[in-house]
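# Structure assessment
Okay, here's what each chain looks like letter by letter:
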Amino acid sequence: MVIVPIVYSGLGILVPFIAIGGYMGTMMAMDSMFGPDFINDNEWAKAIPLFGTGVMLLFAGIVVNRILVGKDQRGQNPDSRYRHTLFGFPIEYWSFFPLGLSVVAFIKGVSGN
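Residues numbered from 1 in each chain as written. Predicted model: local features only at pLDDT ≥ 70, side-chain atom pairs only at ≥ 80, totals over all residues. Heavy atoms only, no water.

Here the focus is the overall build of the protein chain. Across its full length, the protein chain holds four helices and three strands. Along the chain direction, N to C, the helices and strands of the protein chain fall in the order β-α-α-α-β-β-α. Long-range pairs, those at least 24 residues apart, make up 67% of the contacts in the protein chain between residues at least 6 apart in sequence. Split by element, the accessible area of the protein chain, about 7,700 Å² in all, is 70% carbon and sulfur. (Helix = DSSP H or I, 4+ residues; strand = E, 2+ residues; numbered from the N terminus. Contact = heavy atoms within 4.5 Å. Areas by Shrake-Rupley, 256 points an atom, 1.4 Å probe, with all protein chains shown as cover.)

Right, here's the structure in full:
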């Protein structure tokens, strides 16, 4: 009997930790490089941590779902139970949320609204 988790499977539980850690890490790196008031003074700069978080999630998802799991000769995953998902979405799909928000934050910051 195979028990299918409802919320996550495999390493999918790492998505919130990667997202929060990536966002906070990028914010701290920007503070140390540009000064603590850089993000508050420049509205467009709020897009940079979101973009960094999206790239980290995309990289993590590709590594665990495509490289570590691998593919068979037909190009499909050999065993679907090794998919790493959160709420049914593979880890790399979660990267589109912060990447989309970074585009919105950048446009909003540049336009001044």
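By the element assignment, Gly-22 lies in helix H1 (residues 14–34). With a relative accessible area of 4%, Gly-22 lands in the buried category. The spatial distance from the C-alpha of Gly-22 to the C-alpha of Gly-52 is 6.9 Å, given a sequence separation of 30 residues. Residues in contact with Gly-22, not counting those within four places in the same chain, are Phe-17, Thr-53 and Met-56. (Buried < 20%, exposed > 50% of the residue type's maximum accessible area, 1.4 Å probe, protein only.)

Further remarks concern the environment of Ile-18. Looking at where Ile-18 falls in the secondary structure, it is placed in helix H1. Residues Ile-18 and Gly-54, 36 residues apart in the sequence, show an inter-C-alpha distance of 9.5 Å. Not counting residues within four places of it along the chain, the set of residues in contact with Ile-18 comprises Met-56, Leu-57 and Ala-60.

This brings us to the pattern of salt bridges. Here the structure, examined in full by the defined rule, presents one salt bridge. Close ionic contact of Glu-43 with Lys-46 constitutes a salt bridge, the shortest N to O distance being 3.2 Å. Residue class for Lys-46 comes out partly exposed when judged on its relative accessible area of 31%. (Salt bridge = Lys/Arg side-chain N within 4 Å of Asp/Glu carboxyl O.)

Turning our eyes to something else, we now look at the sheet that holds strand E1 (residues 8–9). The strand order across the open sheet formed by three strands is E1-E2-E3, and the pairing between neighbours is antiparallel. Lying at the two open borders of the sheet, with one neighbouring strand each, are E1 and strand E3 (89–90). Alignment of strand E2 (residues 85–86) against E3, held across two bridges, turns out to be antiparallel. Following the sheet pairing, Leu-86 is matched in E3 by Phe-89. (Pairing = 2+ DSSP bridges.)

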